[in-house]
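# Breakdown of the fold
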Amino acid sequence: AISAEDCRAFFSAPLPQTRMIDPLPELGRDVAKLILCLAGINTVDLYELKKKDYHDGVIGYRRAKTRKARTDDAYIEMRVEPIIQPIVDKYLADEADPYLFTFHKRFCDSDSFNANVNTGIKQVCKAMEIPKHERYCAYTFRHTWGTIAQNDCDANLYEVAFGMNHS
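Since the model is a prediction, treat every value here as computed from it, not as a measurement.

Next up on the list: the pattern of salt bridges. In this structure the tally under the stated criterion is five salt bridges. Put simply, Lys52 and Asp53 hold a salt bridge, and the shortest N to O gap is 3.5 Å. For Asp53, a relative accessible area of 12% gives the class buried. Salt-bridge contacts for Lys105 lead to Asp97; the nearest nitrogen and oxygen are separated by 3.7 Å.

Rendered as C-alpha cells:
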C-alpha cells in the first residue's frame, strides 16, 4: 500500500508521452483510480463486468477469485461515486455489447488486461522517477484502499474485510 499523499501524487502526475492511440499510462492510471474508488475491485472483475451488473449507479457482481468457494457467491455491491463517473463513462461499452466496459475489445482476456494495466501504472511511476523496486501495480491500489480505510478513515478490520469482499 502507499500513502494518501503518494496516491494523490500518482493521480496528479503528468502522463508520459507516447505515440499510441490508446496509451497504456492513461489506461493504467484510470484503472488504478477505479480500483481505489471501487473498494479495491480486482482487474479481473472490472474486465468481466456485464451491463446487467450496473443499475442505478450501483455495481453488483460476484468476485471471480472467490465466487465458487463461498455460499454467498462472493457477491458485493458498491456505488459509483461522482468522482469516478467520468472514467466509468469513458470506458463504457456500446448498448449492444453485453460487457459493461470496452476492455474486452482491446485485450484478449483478463490476464492480458491486468498485465497491460500494470505496465501502464509502472510507466507512470517511471515518469515520476519512482525507483524500479518501488513502482506500483494494480494490487497497490487495492491494498491502499484497505490501508487508508483503516488508518485514515477509522474503519475497523471487519469493515475493511467486508469492503474488500473477504469472508
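Counting residues in hydrophobic clusters, the biggest one holds 45 residues, and the most contacted among them are Leu46 and Phe141. Per element, the largest residue contribution to this core is seven residues, and it comes from helix α2 (residues 24-37).

Turning our attention to unusual backbone geometry. The general pattern is negative phi for most residues beyond glycine and trans for most peptide bonds. The residue Ala39 is not glycine, and still its phi comes out positive at about 55°. Within the fold, Ala39 resides in the loop between α2 and α3 (43-48). Here the phi dihedral of Asp154 falls at roughly 60°; this positive angle occurs in a residue that is not glycine. Relative to the assigned elements, Asp154 resides in the loop between α7 (138-151) and α8 (157-163). Residue class for Asp154 comes out exposed when judged on its relative accessible area of 68%.

With that out of the way, let us pick up the packing of α2 against helix α6 (residues 110-127). At a closest axis distance of 7 Å, the pairing of α2 and α6 adopts a crossing angle of 100°. Between α2 and α6, the crossing angle belongs to the class labelled roughly perpendicular. Of α6, the residues touching α2 (which contributes Leu24, Pro25, Leu27, Gly28, Val31 and Ala32) are Phe113, Asn116, Val117, Thr119, Gly120, Ile121, Gln123 and Val124. The class makeup of the residues in the contact of α2 with α6 is nine nonpolar, five polar and no charged.

As a further point, take the sheet that holds strand β1 (residues 54-55). Strand order in the open sheet formed by three strands is β1-β2-β3, and the pairing between neighbours is antiparallel. Each edge of the open sheet carries a strand with a single partner, namely β1 and β3 (75-79). Pairing analysis gives two bridges linking β1 to strand β2 (residues 58-62), with the strands arranged antiparallel. Within β2, the residue paired with Tyr54 across the bridge is Ile59.

Turning our eyes to something else, we now look at α2. With 14 residues, α2 should cover 20 Å at 1.5 Å per step; its first-to-last C-alpha distance of 20 Å lies within 8% of that length. Residues Leu24, Pro25, Leu27, Gly28, Arg29, Asp30, Val31, Ala32, Leu34, Ile35 and Leu36 constitute the buried set of α2. As for α2, its buried residues are in contact with α1 (4-12), α3, α4 (85-91), α5 (103-106), α6 and α7.

Another aspect to go through is the side chain of Arg63. Along the polypeptide, Arg63 turns up in the loop between β2 and β3. The side chain of Arg63 is buried and forms no salt bridge, while Asp45, the nearest opposite charge, is found at 4.5 Å. Discounting chain neighbours no more than four positions away, the residues touching Arg63 are Asn42, Asp45, Asp73, Ala74, Tyr139, Arg142, Met164, Asn165 and His166.

All right, on to α6 then. Look at α6: 26 Å from first C-alpha to last across 18 residues, which is about the 26 Å you get at 1.5 Å a residue. Among all positions of α6, only Ser110, Phe113, Val117, Asn118, Gly120, Ile121, Val124 and Cys125 are buried. All buried residues of α6 project into a common sector of 160° when viewed along the axis, lining one side. Set apart from the buried face of α6 by more than 90 degrees, the exposed residues are Asp111 and Lys126. Contacts made by the buried residues of α6 are with α1, α2, α3, α5 and α7. Between a side-chain oxygen at the N-terminus of α6 and the backbone nitrogen of Asp111 the separation is 3.2 Å; the capping residue is Asp109. One or two positions beyond α6, positive phi appears at Glu129, with a value near 65°.

Criteria and cut-off values
- Residues numbered from 1 in each chain as written.
- Predicted model: local features only at pLDDT ≥ 70, side-chain atom pairs only at ≥ 80, totals over all residues.
- Heavy atoms only, no water.
- Salt bridge = Lys/Arg side-chain N within 4 Å of Asp/Glu carboxyl O.
- Buried < 20%, exposed > 50% of the residue type's maximum accessible area, 1.4 Å probe, protein only.
- Core = buried A, V, L, I, M, F, W, Y, C linked by side-chain atoms within 4.5 Å.
- Helix = DSSP H or I, 4+ residues; strand = E, 2+ residues; numbered from the N terminus.
- Axes fitted to C-alpha atoms, helices over the stretch in contact; angles between N-to-C directions.
- Parallel < 35°, antiparallel > 145°, perpendicular 65-115°, else oblique.
- Contact = heavy atoms within 4.5 Å.
- Nonpolar A, V, L, I, M, F, W, Y, C, P; charged D, E, K, R; others polar.
- Pairing = 2+ DSSP bridges.
- Expected span 1.5 Å × (residues − 1).
- Lys, Arg positive; Asp, Glu negative; His and termini not counted.
- Arc of directions from axis to C-beta.
- Polar contact = N/O pair within 3.5 Å; in protein donor to acceptor, adjacent residues only side chain to side chain.

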